[in-house]
Amino acid sequence: MATVIDFSAAFPKAADIKAAGHEGVVAYVSPPRELWMKAKPLTKAVADAYRAAGLKIGAVWQYGGAGNPDVLRGAAGGRADALAADAQLKAVGLAGHPVFFAVDFDITLAQWNATAVQYFRSACDVLGRQRVGIYGHSRAVAWAQEDGVVADLGGGRCLGWVTSSWSQGDKAADYAVLYQGTHNVPGPSGVQVDINTVYASEWGHRPIPTPTVDLTKLPRVDQTLWLNKHYTPGRGGRRIKYIVRHHNAGILSIQGCWNVWQTREASAHYQVETTGRVGQLVRDEDTAWHAADQTRNQESIGIEHANSAGAAQDWPISDATITAGAHLAAELCIKHDLGRPEFGKNIRDHKETGATACPYHLAAGGKYHEKWMRAAQAHYDTLTKPAAVVAQEDDMFTDYDREALLDVRAMLQTLCAQDMGDPGVTGPYGGWPQTGGRTRTDILAAIAAKLGITGTTDTKEA
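The numbering scheme is per chain: residues are counted from 1 as the chain's sequence reads. Where local features are concerned, this predicted model is filtered to residues with pLDDT of at least 70; where side-chain atom pairs are given and counted, the filter is 80 or more; whole-chain, interface and lining totals use all residues. Think of the side-chain values as coming from all heavy atoms in the structure, minus any hydrogens and water.

Q: Hey, could you run me through the pattern of salt bridges in this one?
A: Pairing is possible between side chains that carry opposite charge, provided their charged atoms lie close to one another. Here a salt bridge means any side-chain nitrogen of Lys or Arg lying within 4 Å of a carboxyl oxygen belonging to Asp or Glu. Taken as a whole and assessed by the stated rule, the structure comprises 21 salt bridges. Among the salt bridges present, the one from D48 reaches K44, with a minimum N-O distance of 2.9 Å. In this pair, D48 and K44 both sit in helix α2 (residues 44-52), four residues apart, roughly one turn of the helix. Note on classification: 1.4 Å probe, protein chains only; a residue is buried when its accessible area is under 20% of the maximum for its type, exposed when over 50%, partly exposed between these limits. In this structure D48 comes out as partly exposed when scored by relative accessible area, which is 30%. Classification of K44 by relative accessible area gives partly exposed; the value is 42%. Of the charged contacts, one joins D86 and R131 as a salt bridge, the two residues approaching to 3.0 Å between their closest N and O atoms. Taken together, the residues D86 in helix α3 (residues 74-91) and R131 in the loop between α4 (109-127) and β5 (132-136) connect sequence positions 45 residues apart. Accessibility assignment for this pair places D86 and R131 in one class, buried. Sharing partners across several salt bridges, the network here consists of K44, D48 and R51. Counting from the N terminus, the helices are the DSSP runs of H or I reaching at least four residues and the strands are the DSSP runs of E reaching at least two.

Q: Explanation requested: empty space enclosed by the protein in the structure shown.
A: Regions of empty space are outlined by a rolling probe, equal in size to a water molecule, passed over the atoms. Think of a 1 Å grid over the protein atoms and nothing else: a 1.4 Å probe that fits but is trapped marks a cavity, an open set flanked by protein within 12 Å on at least five of seven lines marks a pocket, and residues with an atom within 4 Å of a point count as lining. Grid points are joined across faces, edges and corners, and a volume is the space filled by probe spheres set on the points. All chains considered together, the criterion is met by two cavities of 30 Å³ or more. Within this model, the largest cavity holds a volume of roughly 80 Å³. Those elements that provide at least two residues to the lining of the largest cavity are β7 (157-158) and α8 (319-335). Taken as a whole, the second largest cavity encloses approximately 40 Å³ of empty space. Forming the walls of the second largest cavity are Q62, G64, G65, P69, D70, A102, V103, D104 and F105. Classification used: nonpolar for Ala, Val, Leu, Ile, Met, Phe, Trp, Tyr, Cys and Pro, charged for Asp, Glu, Lys and Arg, polar for all others including Gly. Here the lining of the second largest cavity is built from residues that sort into four nonpolar, three polar and two charged.

Encoded structure:
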């Protein structure tokens, strides 16, 4: 894996960093706390030299030490530090770049919830969420991701830089971007450095695009039909942690579920019909009675899937329902910042509690489980892909490629017309006047040429 270094005592020379095989640096944009910290803050001359050498530059803010951490200054501290970091980034030619704000001590969850999260929220208010990262132990990075106060890179990854200190062996490879596993060793130009493993191509060395998803429009629902009973307002102070899958054990519509739950003391947040239509019956912020356990109800969202036939056919589920239910779950994972759909983590089955086989074929090990999970993960990945990546993919075809594909489309239409007995065709294998009398094989050869397929072409008719 690629590596980057960070340092505070002095600036290593660009050529020495390159020679050591590192792809870049994470440099401080905060002022020095001690006189020996000669690499605080990054200067324009150093930044220019690093960039000229092809090195990538990330930015980190840390002024306070272990005895007076920056983040324990709360909201006011977060605002002040974000403004100062932004000014320094502009001064060195890195305007718009993100910043890792350091939590360089063994912060507790109580300290995070009481004070530090407010620091990060203020930093997001100043810079925008996509410019805020966190340095700290693995749990602190996970808390920041969970609370939505650091950049979202899609695919369950956030702009998190994890230190091995206080992380209890957790390297956070599935959700962080950097891992600081080697501390305070001799590095390039004889400078003491930390060495960091790079987990993702997007690690904070350039502006991060805002994801294409408009969270205010998720999830996409075709009908709302709010229940008037058999649910509990609010969530008892708990937050949403996962999605629970159900099947109806019946062929129910959205209205049909509403009708059943008028007399049955049960409910779910969403119903997916056999056609793939999605209905919402209980608001996300309220507790549906769907998982046979109060805590699970308060910490989850329930999705019901209609069956397309009954018990005699072993309760099948249509492809449309499977796809729509999986897409709905992915959108809920995005909306509630649950991360990429993963069974056993943020996707669970009803049968885990209560004496039930539900969701039957959708359950882990069932015949629809893998298809449902693949659809959920693919939809999540598509929706969380940054706008810049989408634009890059849209530009994969050159103008020549587009023209070639249009020509191929026209030629394929010609072949279809021949097979359908178009009156303009002179015989079963004759040429069509619109193609200059070319035969079917001639057209296939032309398609191959447009697609860049080379080799011997037999122009004889079969």
